[in-house]
Structure formats: structure tokens, C-alpha cells
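Analysis of the macromolecular model
These are the residues of each chain, in order.
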Amino acid sequence: MTFLKKLLIGVAAITLLGVTLPCRAETPKDILVIANRIDDITTLDPAQSFEFAGSDLIRNVYGKLVNFDPAALEKGYQPDLAESWSVSGDGKTITFKMRPGVTFHSGNPLTAADAVFSLQRAVKLNKTPAFILTQFGFTPENVEETIKQLDKMTFSITTDKKYATSFVLNCLTATIGAIVDKKTVLAHEKNGDLGNDWLKTHSAGSGAYSVVNWKPNESYTLKVNPDFYPSTPAMKKVIVRHIQESATQRLLLEKGDIDIARNLNPQDIAAISTNRELAVDSDLRGRIMYISMNQKDPILSRPRVIKALKYLIDYKGMQDSFLKGQYTIHQAFLPMTYLGAIDDKPYSLNVAKAKALLRDAGVGDGFEVRINVRDAQERIEIAQSLQNTFAQAGIKINIEVGTGKQTLAVYRAREHQIYVGSWGPDYPDPNTNAATFAYNPDNSDEAKATGLLAWRNSWPLPEMSKATKAAVEETDRSKRAAMYKAIQREHQERSPFAIMFQKIEQTGRRANVKGLNIGAAITAVSYWPVTK
Amino acid sequence: MVVQRFGAVCNTLLTVLITMTGLLFVTFIIGRVMPIDPVLSIVGESASRATYEAAYHEMGLDKPLLVQFLYFLRDIARGDFGESLLTARPVFEDLMRVFPATLELATMGTVIGVLIGVPLGVIAAVKQGTWVDHLARITALIGYSMPVFWIGLIGLLVFYGKLGWIGGPGRLDIFYVDTVPAVTGMILIDSLLAGDMDVFANGLSHIVLPAGLLAYYSLAYISRMTRSFMLEQLQQEYIITARVKGLSESAVIRRHAFANVRVPLITVIALSYAGLLEGSVLTETIFAWPGIGSYITTALLSADMNAVLGGTVVVGLVFVCLNIFSDLLHRFFDPRTKQ
């Protein structure tokens, strides 16, 4: 039996191995460690980046001409690398004066040449987010004339027609408005790519931090810029790790191996809320959740049916149950904190009223309808809630679940009946949502305006399209806000969109970590005010 | 003799080539007929028509399918898997980063699995029907049927969260990351090469739980297979002969019965190892382990076909290589194939 005994001892020894290896917790005082889902980052080039995690990184690495102050987001854009600006009489030319004494991470001084280069570069590269700038009439061909340097510290941009100054400046706060270090970037140019390839994985900015490294789907590390012009940030290093799972993020946070967890689900938020060492912050974000009805459908295009469906949604029930802490009721297309946002909530679940409307519309006996929804938990639950409340008025919903891409393909091809959608604003100006929810100049199939939600739902709206267009040209800020309010009220009344919720983001943090601002609905996260 | 051997090598190579081409073709076709738009996943929803068209041409999607496939084969022959849409880096570079992580984890898991699973199976067979056998069976069944997701989280909660015995999710504590030069991409080996025992200990404290879990899963399989192989051998007449000759029980089991189990066991172990090398998506997700499983899954969900095809080639190669390797081991252990 000695052989068996030896075996048994071997098994026991191996099982015990690996049991006692100590490790330390607590992050150092001047290093900020964050868990976040960063697998959406595909590039660090501000002229190309168009994802959440990417704009988080870029906001902390690059300065912009005008920017949101994390301590006072509600004030709107403030001077950043541009110290001041003036607008010409015809409203088409804005002249910027650059802030003196600012240097890039490389040590190169920042001048108007860098600003001109950065904006021209973004237009010339013409990557995904380029539309934010090219909507003002800049093209790769004319950009040398329309964006030009006047002297060492001043330059001007000239738009193709008069636009609201607030519209132009709001757009310059977007990621694509980041000012890059011309000399450094050009030193890494390859085959006329304006440094695009190099900037995918490196940084050349003047912001609070510079990029040490980025490992896709794994982590990125930033190190402090001691010469950051407002003041040197307290955190010398920021490390963001890609942690997919909420439960894993929570464990790391509880153990003190990370300072901030950005993707905790409601259960984990509830569980840590009693922990005194931890705190939870809630912020409104820009994403809104809606359902829309394809106007090609003979039944769904009846105005009374549209209205009835808006009364068949259990907004409150969803908000208070499975969307708790994740979404709040919001029924207009501009997220709160945007210029011109309204808080009107005209709709609530009212089955009797809906039934009367359906009867008047000639479908009192109900009908069957297909609803397309992507395979995300919360959206499927929304579809199920709709299935339940619609059934009370005799409408039978067939839920068709697909991957995000499949569902979107159906939507873009205008082949859906009802679509459960979500929309995040592209840039911090009300036009970003107005121009998609309330703008559709050509409703024909041939127009293929797949970027416009109104087009995707085959909703022709000539009058409202004009109003939306007029709003981007109104230079008076408060008049402009009033115009958006009016458009949204009409939109609530008759559009085939039932806007339901605005996103809330809950962030778990160690109680000693102060000053993190995730940017509300309007911008991205700021690491530089953080202390601990 | 030489000609024969040369023929065998050619045969093997040909099989590998046909298998790989077939694998690539099927994956490629599935990738292309999927009802999703790979261009959209690069340019995003709000891109202008011109931006979209430019990306469409850049990706060669305007060419016929067969041409696209031939281009793809030509590039692979050159070791060029193209660029990943998601990471904006060459897929080859990505694979060189994620595969060592999986290799390290899977190897560790298999080693532990074999070291425990094989003895467990042998004991269970020898002690057939006793409480030892039942205990082994229950242990194996639990390992095989428990969801990795659940058991992984519980493991983390207990050993990392409560007891603090092991490192948390990730391959290293954040402060050790990038402290040793990446030679093989496998942290335990790199840290030994650099002679940095702190990093080695930290890496070990991080890998022990995920590897232990994978090991538990594979040991369940390995021990059950070992047991049945052993039982079969123990009922053979030569075992009785050996016992009648007066050999000790230990010698009977080790030298006679187990020696004959080795060959089929190698196949079982190789398959289980290959399975782990595909990357375990759930384990990788829970332990924030940047391995090939989550790489391929993320790529698949985003229609990042270059990355998916690249990953498939690697997984395919792993299977083929392990098969060849286990064939070689067969020859080594099976006296009938020796001269």
C-alpha cells in the first residue's frame, strides 16, 4: 500500500500548495486606480476617437479651445486654451486668442499654429467624428482658407454661413476639438497620415495627464503633467483597468485594490451602500431610452395609435423596479443639463385613455405588432413590460431579440415595426439630438439618411425640420433655448417617438476619494480634481 | 526507411494544411454572411456617407468573396492577419499579447489537473466501490457540473475578499504591472527570467485561483477517464498473472496496469489541455484575465473578423499541434510502435 499512501500524500500536498501567498491592499496616496469597461477604445487619436472610454481618456490628456469646468458644468463652455474670442459682424468668423505660457507635454510652447493644425487635421483626416466640424462647412479642400492663423497667438475660423456661436463653441468642446502638439505629431507622420497611426497609441497634448501606455481590453496608464497650466493635479498617476464584471469590480473596491468602480450593477450598489468605507455617487448621463414606431406601418402611423401607445407605457413601474438607480423618467429628446432641455412629463400609464384612443383610431379590437430589441438585459425587460401593458389594451407584442448589430441593421433598413432604442448625444450641443429626432429633410428610401432617427422611422416632418434648422442659426442664446423647448413640446405631442428615460450612472468609490467628476450628460470624466 | 519517414512527415503536413484551410474557409464564410455590417463597427452610426465608403473600400469589401478569401490566405501565409478593428493594432500583435496569458493559465490548470486527477482516478479504480471511490466520484461530479461563473466568484469572495490569501482579479497587483520585461508574455516565466521573486510570488497569488478552477474542471474529467481505463486494465488476465507471480500490489498497479493506461490517457489530457487553450471566456471575465477567449468573443460580438479569423487560426493550430504531439507521445509510450 505504500504506493497508494504516496499518492494520497501527493494529492494532499498539491491541494495545499498555493494556499498561503500574502498580498497587500490599499492603493498609494498619489495613485488613482479605477475599474471601468474600456474595451470600446479603438484609438487614442482625438480626431478619430468616438467612444465613451476614449473620450474619458482624451479629456484628461488634451486641452481644448473652450472646455467645461468640472467644478461648474452648468455654466457651459469656458475659456481653456483659447483665452478669449470675438465674433465678426456677419456672425461667420470667430477669432480666437490663445492662452500664453502653456506648454505641451513635450515642452513645446502652445501657439495658434497648433490650434490651426489640430482643427485642419481633424477635417482632413475625415474620420468618424469629423462631421462635428464639417457640419460648419469645413472641407479638406477649403480648410486651409477657412481655418487660418493670423499671428503667433491668434487664428480665425470662418463657417459657410451664420451659426449660433454657442453651437460652434459647444462643438469645439467635443473630443475632436482637442489641440495636439503640431511639432511632435508631424515628427511621427507616415505616408501623409498626419500622425494618425502614431496617435492611435500615443499622446501629444497639453492636458493634466499624458499617456504612459494603453493595452487594449486590459488597462491604460496616465502620468501627471506637472506643468498643467491651472495647477498640478494631486494624483501623480491614473491607472484604469478593464474589469468587465460588476461583482469583480465590487470585490476589488471593497478590498481597497481600486479607488473607483464605474460599472457596478444595482445589486452591487445596494450591497456597498451600507459600507462606511465606501460611497456611491449618482450622476445624470446623456443617454436616453425610447421606443419608436415605423411610420411605414399602416396602423402605427395613425396619430391616435401613436398617442395611445405613449399612454400604454408603465414609465414609473419600470423606473422603480428593474431600472432603479439606472434610469430616471424623461420624456423629451434633449437630456437634462443640455441647453433648452425640458422636464415636462405629459405621459403616464393610462389604459382607459389608450383604449379610447385606439377605438377612435379604428383598432379597438387590438392588433399584433413586432418589437425589435437587442439582447441587453434592461432592454429585454423593457420590452417585456411593454408586452404586459400593451396587452391590457388588446395589443399583442411579439418580441424579437437580436444582437446589437442585427437589431440595428433592421432599424437602419426601416424594416422594424417598433424599436426599443437608446441614443447618446454626439457632442454637447442641443442640435446633436434635435438634428436626429426632429430633422428629416428627405424621407424617401433613396435618401438613405440612416444617421437620422426620424428617417429610420420614415417620419416626414418638413415644418419641424425647418424649425430645427432655424435653431442652429439663432445667435441669441436664450432665444435659441426657447426654440428647442417649443420643438420638444411639439415632438412630445405628435412624434412617433415615445421617449421614456434618461440614464443615471452610479459610481462606487472609496470614501476618502474626493473630487471625481464624471461629466454629467454633457462631457467626459475629469481625473485632475481628484484628491484622496 | 528514410523514404517512409519522409512520406509520413509529408502526410502529416498535408493533413494539417487541409484541416487549416477548411477551418479558415468555413470561419471566413460564416464571418462574411453574418447579417452585420463590419464597416459600421469601425465608423460608427453617425459617420457621413463618404467616410463610410472610404472605410468600405479600405477593407476590400467591394471585391468578390472568393477574391477576399484568397487575399486573406495570401496575407496569412505572410504572417499578416490584418489589423483588428477594435484595438487598431495588428491582430498578430494582439494574439502575441493575449495568447501567452491563456497559455500560462491553461498550462498551470492542466498540470494541477493531471497531478491530482490521475492519482485520484487510480485510487478510485483500485478502491472501487469503497467510500474512497464514492468521494472521488462526488468530487469529480461537483467539479464538472458547477458553473465556473458561480464557483469563481465564491472562490474570489472567500480566498481574496474574506481571507486575503490570494491576489484578486487580474494577472498582477497593479503596482507590479510592467515591472519585469515581457519576454515570453507569461508572467511566472518572465519574472523568473528577470530574477524578480516578488513579482513571481504576486503572479502566483493571482493565477492560483483561476488555474485551480480550470484544474478542478479538467481533473474531474481526467480522473473519471483514468478510473475507467484503470478498471478495464485491472480486469485483464495479465493482472491476475502478475498477482499470482507474487508481485506487490503497488508494482502491479504501477508497472502493469497504469503502464497500459498511459496511452489513452495522453489523448484525454491533450484534448482537455487544448480545450483550456481555447480560452475560457467565463473564467477570463470573472478574473479580468486578458486571454484569447475573451479576445475572440469581444471580436466576434463586434464583427471584428480579422481578429476572429486570427484567433481561430491560433486555436486551430493549437489543436493540430497537440494532436501531433500526443501522437509522438503514443509512439514513445506504446512499445508496439517501437522497433
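Residues numbered from 1 in each chain as written. Chains lettered and ligands numbered in written order. Predicted model: local features only at pLDDT ≥ 70, side-chain atom pairs only at ≥ 80, totals over all residues.

1. Notes on the overall build of chain A
In terms of helices and strands, chain A carries 19 helices and 17 strands. Relative to the compact-globule value of 24 Å for 532 residues, chain A shows a C-alpha radius of gyration of 26 Å, a close match. With the C-alpha coordinates aligned to their principal axes, the bounding extent of chain A is approximately 90 × 75 × 45 Å. Out of the 532 residues in chain A, the part that is buried amounts to 50%. (Helix = DSSP H or I, 4+ residues; strand = E, 2+ residues; numbered from the N terminus. Rg over C-alpha atoms; globule rule 2.2 N^0.38 Å. Buried ≥ 20, exposed ≤ 12 C-beta atoms within 10 Å, placed from the backbone.)

2. As for the overall build of chain B
Counting its regular elements, chain B contains 14 helices and 0 strands. Overall, chain B shows an N-to-C arrangement of helices and strands of α-α-α-α-α-α-α-α-α-α-α-α-α-α. With respect to the principal axes defined by its C-alpha atoms, chain B has extents near 85 × 60 × 40 Å. The 339 residues of chain B split such that 42% are buried. Looking at chain B alone, contacts between residues at least 24 apart form 70% of all its contacts between residues at least 6 apart. (Contact = placed C-beta atoms within 7 Å.)

3. Brief notes about the interface of chain B and chain A
In this complex, chain B contributes 55 residues to the contact, which on the side of chain A involves 46 residues. Of all the secondary structure elements, the ones that give two or more residues to the side of chain B that touches chain A are helix 3 (49-58), helix 5 (91-126), helix 7 (148-162), helix 9 (197-234), helix 11 (249-277), helix 12 (281-286) and helix 13 (292-301) of chain B. Its residues assigned to classes, the side of chain B that touches chain A comprises 34 nonpolar, 15 polar and 6 charged. (Nonpolar A, V, L, I, M, F, W, Y, C, P; charged D, E, K, R; others polar.)

4. Some words on the packing of helix 6 (residues 131-145) of chain B against helix 9 of chain B
Residue and element names in this part refer to chain B. In contact at an axis separation of 8 Å, helix 6 and helix 9 are set at 135° when each is read in the N-to-C sense. The angle between helix 6 and helix 9 places the two elements in the oblique class. With respect to the hand of their crossing, helix 6 and helix 9 are arranged in left-handed fashion. Along its contact with helix 6, which presents Ala136, Ala140, Gly143 and Tyr144, the element helix 9 presents Tyr216, Tyr217, Leu219, Ala220, Tyr221, Ser223 and Arg224. Looking at the contact of helix 6 with helix 9 residue by residue, the class counts come to 8 nonpolar, 2 polar and 1 charged. (Axes fitted to C-alpha atoms, helices over the stretch in contact; angles between N-to-C directions. Parallel < 35°, antiparallel > 145°, perpendicular 65-115°, else oblique. Left-handed = near helix turned anticlockwise from the far one by under 90°.)

5. Some thoughts on the domain arrangement of chain B
Residues and elements named next belong to chain B. Segmenting chain B into domains produces domain 1 (20-77) and domain 2 (92-337). The interface of domain 1 with domain 2 comprises 11 residues on the first partner and 9 residues on the second. Sorting the residues of the side of domain 1 that touches domain 2 by element identifies helix 1 (2-33) and helix 2 (38-43) as the ones contributing at least two each. With 6 residues, helix 1 is the largest single contributor of residues to the side of domain 1 that touches domain 2. Counted by class, the side of domain 1 that touches domain 2 contains 8 nonpolar, 3 polar and no charged residues. (Domains from an automatic or database assignment.)

6. Some details on helix 19 (residues 477-494) of chain A
One turn of the α-helix equals 3.6 residues, which is why residues spaced by three or four share an orientation. All names here are of chain A. Across its 18 residues, helix 19 extends 26 Å between first and last C-alpha, which sits within 8% of the 26 Å expected from 1.5 Å per residue. Regarding helix 19, the residues found buried are Arg480, Met483, Tyr484, Ile487, Gln488, His491 and Gln492. Its buried side turned inward, helix 19 meets helix 6 (165-172), helix 16 (431-437) and helix 18 (462-471). (Expected span 1.5 Å × (residues − 1).)

7. Overview of the sheet that holds strand 4 (residues 82-87) of chain A
All names here are of chain A. Judged by pairing direction, the sheet is antiparallel, and its 4 strands sit side by side in the order 4-5-7-6 without closing on themselves. The sheet terminates laterally at strand 4 and strand 6 (147-151), the two strands that pair on one side only. Here the average twist between neighbouring strands, direction ignored, is 25°. As paired elements, strand 6 and strand 7 (residues 154-158) share 4 bridges and run antiparallel to each other. (Pairing = 2+ DSSP bridges.)

8. Observations regarding the confidence of the model for chain B
With 94% of its residues at a pLDDT of 70 or more, chain B shows a mean pLDDT of 84. Mean pLDDT across the secondary structure elements of chain B bottoms out at helix 2 of chain B, with 69, and peaks at helix 5 of chain B, with 91. (pLDDT = per-residue confidence, 0-100.)

9. Regarding the domain arrangement of chain A
All names here are of chain A. On domain assignment, one finds that chain A holds domain 1 (31-238) and domain 2 (286-504). Counting residues at the interface gives 12 residues for domain 1 and 12 residues for domain 2. Considered class by class, the residues forming the side of domain 1 that touches domain 2 number 6 nonpolar, 5 polar and 1 charged.

10. A closer look at the pairing of strand 17 (residues 497-510) of chain A
Residues and elements named next belong to chain A. Counting buried positions over the 14 residues of strand 17 gives 12, a clear majority of the element. Here strand 11 (residues 260-261) pairs with strand 17 via 2 bridges, running antiparallel. The residue bridging alanine 261 from the neighbouring strand is glycine 508, located in strand 17. Both strand 12 (residues 278-293) and strand 17 contribute to a ladder of 12 bridges, which runs antiparallel. By the bridge assignment, isoleucine 288 is partnered in strand 17 with glutamine 502. One ladder, built from 3 bridges, connects strand 13 (residues 327-329) with strand 17; its direction is antiparallel.

11. Thoughts on the nonpolar core
Judged by nonpolar contacts, the single largest core of 233 residues is most densely connected at Ala115(A) and Leu133(A). Among the elements that make up this core, the one with the highest residue count is helix 5 of chain B (19 residues). Setting aside its immediate chain neighbours within four residues, Ala115(A) contacts Leu65(A), Leu81(A), Phe96(A), Met98(A), Phe155(A) and Ile179(A). (Core = buried A, V, L, I, M, F, W, Y, C linked by C-beta atoms within 7 Å.)

12. Observations concerning the confidence of the model for chain A
Summary statistics for chain A give a mean pLDDT of 91 and a share of 95% for residues scoring 70 or more. Counting contacts from residues 16-24 of chain A, a segment whose pLDDT is below 50, to residues more than four positions away or on other chains yields 14 contacts.

13. Some words on the packing of helix 9 of chain B against helix 11 of chain B
All names here are of chain B. Contact pair helix 9 / helix 11: the axes reach a minimum separation of 9 Å and the direction vectors enclose 155°. Relative to helix 11, the element helix 9 is oriented roughly antiparallel. Note on packing geometry: the crossing formed by helix 9 with helix 11 is right-handed. When helix 9 is examined against helix 11, the residues Leu214, Ser218, Tyr221, Ile222, Met225, Thr226, Phe229, Met230, Gln233 and Leu234 are found in contact with a partner set consisting of Ala257, Asn260, Val261, Pro264, Leu265, Val268, Ile269, Ser272 and Leu276.

14. Let's talk about helix 15 (residues 404-412) of chain A
All names here are of chain A. Every buried residue of helix 15 is listed here: Thr407, Leu408 and Tyr411. For helix 15, the angular spread of buried residues about the axis comes to 100°, placing them on one side. Taken together, the buried residues of helix 15 touch strand 14 (368-374), strand 15 (396-402), strand 16 (418-423) and helix 17 (453-456). Following helix 15 by one or two positions, arginine 414 adopts a phi angle in the positive range, close to 55°. (Arc of directions from axis to C-beta.)

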